[in-house]
Amino acid sequence: MLYVHVPDQAERWLALFRAALPDIAVAGEADAVDDGQVEFVACWRPPEGLFARFPRLRAVFALGAGVDRLLGRPDLAPGVALIRLTDAGMARQMAEYVLHGLLRFQRRFDDYARQQQAGLWQPLPQRDASELRVTVLGLGAIGGQVARTLALLGYPVAGWSRSPREIDGVRCLHGSEALDGLLAETDALAMILPNTAETRGLIDARRLGLLPAGALVINAGRGEQLDLEALLDGLDGGRLGGAQLDVFETEPLPAGHRAWRQPHLHITPHVAAMTLPAPSAQQVAAALRAFVAGRPVAGMVDRVRAY
Ligand code: NAP
Ligand code: GLV
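For the structure given in this document, a descriptive report is provided here. (Residues numbered from 1 in each chain as written. Chains lettered and ligands numbered in written order. Predicted model: local features only at pLDDT ≥ 70, side-chain atom pairs only at ≥ 80, totals over all residues. Heavy atoms only, no water.)

### Concerning the pattern of salt bridges
In this structure the tally under the stated criterion is 19 salt bridges. As a salt-bridge pair, D75 and R73 come within 2.7 Å of each other at their nearest N and O atoms. Residue R73 is classed as buried on the basis of its relative accessible area, which comes to 7%. Residue D236 is joined to R258 by a salt bridge in which the shortest nitrogen-to-oxygen separation is 2.8 Å. On the criterion of sequence distance, the pair formed by D236 in helix 7 (residues 228–236) and R258 in the loop between strand 11 (242–245) and strand 12 (265–267) is long-range, its members being 22 residues apart. Here the salt bridges do not stand alone but share partners, grouping D68, R69, R222 and E224 into one network. (Salt bridge = Lys/Arg side-chain N within 4 Å of Asp/Glu carboxyl O. Buried < 20%, exposed > 50% of the residue type's maximum accessible area, 1.4 Å probe, protein only. Helix = DSSP H or I, 4+ residues; strand = E, 2+ residues; numbered from the N terminus.)

Have a look at this one:
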């Protein structure tokens, strides 16, 4: 049996899973469930202790790309497979999100909005895409497509990953030794990394200081990867040119936090790339079938690597 625990649209998810897996029993929170029959769970932000209910649990399917909130949970036994979404329609959304931040900055749309408030008709100097060096941190299912899309639009794009990657039109670097030098050549930084022991605190005050004056920072990975106070200091002092943040260490970002009042920071409530129910249910169904058949499963999380 597949048990589905989702924060909203439960009926829609159940209908999608039942259609995609007609040969498997599918149940949700509202159903009377024999916990001993549950072998699979599909979930996003499940309550603590949920997995401990199911003694025959074999695999958990995360209905998102990041699994940081699931890894390390005491109720997720080491022998249970953890499988995440790979793209499933999120990469295109993320490319839109990053492009929006880039264009606002490059084409000076914020300055024009301020000028409009003042009734001012005044063309401003702007940089061509070919002059804005973009670095994408994380070249996986999502970051890889973001980098590829921006390169096609004419931005000089560099990308950074843990192991070597090759993407047409993108200068690919890897490993921690390569990062500092890359930051020094970055006008716009886009962070699309998983939250792991290696990436937490990655972009700290020192590394923000390596970015050229006036740089833009976009973080859509996880809040723990960026020193928010150092970023705000950089924006307040004018050394950094702007920022667009979708993720924060504490979500929702607390009311009254100084970040809300920084005029060059644009905040979105963790919506850069949303889980799309239809393609996600299809992908989970395919992964579940592969898992049962003993075939390789796309999105299988390596518990040691933590992504
Ligand atoms: P993915 O396919 O697992 O790719 C992760 C990328 O990060 C890979 O290129 C990986 O390198 C790289 N990486 C991991 N650890 C690294 C390290 N220590 N140093 C350098 N590079 C490192 O993940 P994805 O599907 O693209 O998703 C990435 C993250 O985006 C998710 O984990 C989640 O946190 C975030 N996300 C946010 C939203 C949102 O709405 N804000 C939506 C979806 C996802 P290798 O290529 O060498 O493995
Ligand atoms: C969203 O943040 C995700 O990881 O899918």
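### A look at the packing of helix 1 (residues 10–20) against helix 8 (residues 277–293)
For the pair helix 1 and helix 8, the least separation of the axes is 9 Å and the interaxial angle reads 40°. By the angle between their axes, helix 1 is oblique relative to helix 8. Note that helix 1 runs across helix 8; the crossing there is right-handed. Counted together, R12, W13, L16, F17 and A20 of helix 1 and P277, A278, S280, A281, Q282, V284, A285 and R289 of helix 8 form the full contact between these two elements. Here the residues of the contact of helix 1 with helix 8 are counted per class, giving 9 nonpolar, 2 polar and 2 charged. (Axes fitted to C-alpha atoms, helices over the stretch in contact; angles between N-to-C directions. Parallel < 35°, antiparallel > 145°, perpendicular 65-115°, else oblique. Left-handed = near helix turned anticlockwise from the far one by under 90°. Contact = heavy atoms within 4.5 Å. Nonpolar A, V, L, I, M, F, W, Y, C, P; charged D, E, K, R; others polar.)

These figures capture arrangement, not role.
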